[in-house]
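Survey of secondary and tertiary structure
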Amino acid sequence: MIVGIDLGTTHSLIAIPNEEGGATLVPNVFGDFLTPSVVSLDCDDSVLVGQPAHDRLITHPDRSISCFKRDMGTDRKYRLDIGRIFRPEELSALILKSLKADAEHFLGQAVEEAVISVPAYFSDAQRKATRVAGELAGLRVSRLINEPSAAALAYGLHKNMDEATFLVFDLGGGTFDVSILEMFDGVMEVRATAGNNRLGGEDFLEIILRDFHEQLANQGVELSNLHLQDLSRLRALAEFSKIKLSNESAVETPVVIGNREVILAYNRPRFEEQSRRLMRLLRDPLERAIKDARLPVDELSDVVLVGGATRMPMIPTFAAHIFRRFPKSDINPDQAIALGTAIQAGLKMKHKAYRERVMTDVAPYTLGIQVCDFLTPNDVDKRVFSPIIDRNTPVPVSRTETYSTMYLGQDQVKISVYQGESRSVNKNLFLGEILMPVPKNMDEPEPIEVRFSYNVDGILEVEAKSLSSGEMRSLVVEKSPGTLSKEQIKKSLRDLEALKIHPRDQVVNRTLLSRGERMFEQCIGKDRKRVNEAISRYRAALASQDSGLIDQIRKEVIRVFDEIDAFKPI
Ligand code: ADP
Ligand code: MG
C-alpha cells in the first residue's frame, strides 16, 4: 500500500487510495483528519505529536515546536529543553511517524511507502529534506508531488471534468502557492506555478498580534515584562480571533496577561484594513502564474481555493475581484491536498481504478549555468545566467545546450549551476559546479555540451561533455546547503529510534490532560475551578486503573471542557 501525505506547516493529513479511484482520509487517534504539525517533549521526556503537543505550545512553549516546515532545507536547529536538539527534518519525521501509525492502525497492515506533498516553490534542498524526513520515519518516499498539483488532482477527479483549465489558489499556514493546471483527455498538466514561501495564515495572525500588543500597551501593560507563556497565550488568542472572524464580524475576549485581566477586542473591518499590505503580496504570484501560462483570465474554467487561510472572507472576495467570478471550494480546503496525494499514490500503484489518469508536473524554477558576456574584447561580464531549463517546463525534462571556452588554449572549464530568474547569477541560488578538462586548443574555442535532466521529484542532474575529447563529468545536485549526509541520516535514525514516543493507547488520556492544563491557564474564576475539579477527577479515575470508570469520567470531563472551551476557547 502506498499512502498519500500532506505534510503541512500547520496541519498534516494522511489518506489512502480507494477502490473507486478516489481517496479516503485516515483519522488519527482522536478521530480527526487534521493532525497539528506540532511536536512537544513531555515531562518524562517522551515525545508528543499533534493535538496534545499543540495544547502544550501554551503551557510548555519551551518544550514544544511548531511551524518547522518553514525551516526545512536549512541548518536551523531547535533545542527542546534539556539539550535535546532537533533538525527540521527530524521534527517532520516525528509527524510522519505518527501519521504512519494512524494509517497502520486504520488499515491493519504495515505502511512503508508514501507520496508526500511539498509546496511548488520548495527548492531542491527543501525537497531533499522532505525525502530525508520520510526516510527517518521509515517511509520510502516514492514521489514528492507539488501541493497545488495534488489539490488539482483531487479537484479534477471530484468534478469529473474532461477538459478544463483551472487555477489553484492555496493559502496555508506559512505558504502561498498558485498553480494553473490544464486537464485534457485525462492528462493533467501544470501550465504554470508561482508563489511565496514566506506568506500564509501565520502572517495574518501576526497582524492581529501586533494590534493586541498595542491594545495591551494602551491599557498600561508593560510588554517587556511579559513571560514566554503570556506571549504564547496571546498568540493563541490571536489565532482564535482570526478563525472566529471568518464567521463573525467582531470578537472580544477577556484574557489574563501578566496577572491582570484585560479585554482584547478586534473586528473584521480593522483586520481587513490592517491586512492590505499582505493582500497586495498575493497579487504578484497570481499575475506571474497567469502571464507564464499565457492564458487570458477569462479562459480559466475554475478558480479553486485550497488551504485553511482561504476561509478568511477577504480571500474569496479578493479572488472574485481579480478573476471576475466566484472561486470554488467544494472540497474542504484543508483536505484537498491530502486527497490528491493519495490519488497520486493510487496512480503510482497502477491501481486499475486510476488507469485513465496521468499527471505531469513542471519545473518550479529556471535552471541554468553561469556564462561570460563579452561586451567588448576587454570588457567581460562574468556573472551572466544562461537558462537551460525554463521555469514551468513540464517534467521530466532533459535539455542540452552547447557552450564554448572563453580563451584560446584554455585547458579546463568550470560549469557553475544556478537556479533562479535573474540575469545575474549573483541574485540566483548556487547549486553546485563541475570542473571539466578540455583539450588545449590554440586555434579556436572548444565546444562543450551541457545537459540538464530534471525529474519528477525535482532532482537535477547535470552532465558536461567535451565534444572533441568525448570526456564527460556529471553532477547530481546533492550537496545543497542544509541537507544531511548519509552518515548524518544514519545517526539521526538511531537518535529518533532512541526517543520515547508516547504510547498510542495512552495518547487520548494524555491529550485530555494537556487540554485541561491549557484551559486552566486560559480561564479564571469559576471556569478555572471547574477545569481544576475535572482534571482532579480524571487523574483519580486514571489512578484507579478501572477502565470502565476511566471511560465514564472521560466522557464527563470532555463535556465540561467542551462547555467551557466553547465560551472561552482562547
Ligand atoms: P498548511 O498547509 O500550511 O498546514 P492549512 O491549509 O492547514 O495550512 O491552513 C492553516 C492556516 O489556515 C492557519 O494559518 C490557520 O490559522 C488558517 N485557518 C484555518 N481555518 C481558518 C478559518 N476558519 N479562518 C481563518 N483562518 C483559518
Ligand atoms: Mg497546505
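Residues numbered from 1 in each chain as written. Chains lettered and ligands numbered in written order. Predicted model: local features only at pLDDT ≥ 70, side-chain atom pairs only at ≥ 80, totals over all residues. Heavy atoms only, no water.

Right, let's talk about the environment of Leu 475 for a bit. With respect to the helices, strands and loops of the structure, Leu 475 is situated in strand 28 (residues 472-476). Looking at Leu 475, the relative accessible area reads 18%, which means it is buried. For the pair Leu 475 and Glu 463, spaced 12 residues apart in sequence, the C-alpha separation works out to 6.4 Å. The residues contacting Leu 475, other than those within four sequence positions of it, are Val 417, Gly 432, Glu 433, Ile 434, Leu 460, Glu 461 and Val 462. (Helix = DSSP H or I, 4+ residues; strand = E, 2+ residues; numbered from the N terminus. Buried < 20%, exposed > 50% of the residue type's maximum accessible area, 1.4 Å probe, protein only. Contact = heavy atoms within 4.5 Å.)

Here the focus is the packing of helix 1 (residues 51-59) against helix 6 (residues 228-244). Direction vectors running N to C along helix 1 and helix 6 enclose 125°, while the axes themselves pass 7 Å from each other. Taken together, the axis directions place helix 1 and helix 6 in an arrangement best described as oblique. Contacts between helix 1 and helix 6 involve Leu 57, Ile 58 and Thr 59 from the former and Gln 229, Ser 232 and Ala 236 from the latter. For the contact of helix 1 with helix 6, the class distribution of residues is 3 nonpolar, 3 polar and no charged. (Axes fitted to C-alpha atoms, helices over the stretch in contact; angles between N-to-C directions. Parallel < 35°, antiparallel > 145°, perpendicular 65-115°, else oblique. Nonpolar A, V, L, I, M, F, W, Y, C, P; charged D, E, K, R; others polar.)

Low pLDDT means the predicted coordinates in that region are not meant to be read closely. When the pLDDT values of the protein are averaged, the result is 87; 94% of them are 70 or greater. Taken element by element, the predicted model of the protein shows its lowest mean pLDDT in strand 18 (residues 358-359) (56) and its highest in helix 7 (residues 268-274) (98). (pLDDT = per-residue confidence, 0-100.)

Relative to the elements of secondary structure, Asn 441 occurs in the loop between strand 25 (429-437) and strand 26 (447-454). Residue class for Asn 441 comes out buried when judged on its relative accessible area of 14%. Within the structure, the side chain of Asn 441 is placed 3.2 Å from the backbone nitrogen of Glu 444, a separation counted as a polar contact. A distance of 3.0 Å separates polar atoms of two side chains, one belonging to Asn 441 and the other to Glu 446. Beyond its immediate sequence surroundings of up to four residues, Asn 441 is in contact with Leu 408, Gly 409 and Glu 446. (Polar contact = N/O pair within 3.5 Å; in protein donor to acceptor, adjacent residues only side chain to side chain.)

Summarising the sheet, strand 15 (residues 250-257) and strand 16 (residues 260-267) pair through 8 bridges and their orientation is antiparallel. Bridged to Val 255 within strand 16 is Val 262. Connecting strand 15 to the antiparallel partner strand 16 that follows it, the hairpin turn spans 2 residues, and Gly 258 within it adopts a positive phi of roughly 55°. (Pairing = 2+ DSSP bridges.)

It is worth spelling out the environment of Asn 247 at this point. You can see Asn 247 is positioned in the loop between helix 6 and strand 15. Between the C-alpha atoms of Asn 247 and Arg 311, which are 64 residues apart in sequence, the distance is 9.1 Å.

Further remarks concern the packing of aromatic side chains. Using the criterion set out here, one finds 6 aromatic pairs in the structure. Site record: aromatic cluster; members linked through ring pairs are Phe 204, Phe 212, Tyr 266 and Phe 271. Lying across the ring of Phe 122, Lys 69 places its NZ or CZ 5.9 Å from the centre. One cation-aromatic arrangement involves Arg 84 over Phe 86; the distance from NZ or CZ to the ring centre is 4.3 Å. (Phe/Tyr/Trp six-rings, centres within 6.5 Å; stacked < 30°, edge-to-face > 60°. Lys NZ or Arg CZ within 6 Å of the ring centre and 35° of its normal.)

Inspection of the secondary structure assignment puts Thr 165 in strand 12 (residues 163-171). When residues no more than four places from it in sequence are discounted, the contact partners of Thr 165 are Ile 180, Leu 181, Glu 182, Leu 295, Glu 299, Leu 300, Ser 301 and Asp 302.

In spatial order, the strands read 21-20-24-25; together these 4 strands make up an open sheet with antiparallel pairing. A strand with exactly one partner marks an edge of an open sheet, and here the two such strands are strand 21 (379-389) and strand 25. Taking each pair of neighbouring strands and ignoring which way they run, the sheet shows an average axis angle of 35°. Looking at chain direction, strand 20 (residues 367-376) and strand 24 (residues 412-419) are connected through 3 bridges and run antiparallel.

Once that is clear, we can look at the sheet that holds strand 29 (residues 500-501). Either a parallel or an antiparallel arrangement is found when strands of a sheet pair, and the pairing is made through backbone hydrogen bonds. The strand order across the open sheet formed by 4 strands is 7-5-6-29, and the pairing between neighbours is mixed. The outermost strands of the open sheet, each flanked by one partner alone, are strand 7 (64-66) and strand 29. Where strand 5 (residues 38-41) lies against strand 7, 3 bridges are found, and the strand directions are antiparallel. Each bridged residue has a counterpart across the sheet, and for Val 38 the counterpart in strand 7 is Ser 66.

It is worth spelling out the environment of Leu 467 at this point. The residue Leu 467 is located in the loop between strand 27 (460-466) and strand 28 in this model. The exposure class of Leu 467 is partly exposed, given its relative accessible area of 39%. On a C-alpha basis, the gap between Leu 467 and Val 438 in space is 8.9 Å, while along the polypeptide they are 29 residues apart. Look past the residues within four positions of Leu 467 in its chain and what remains in contact with it is Thr 402, Pro 447 and Glu 449.

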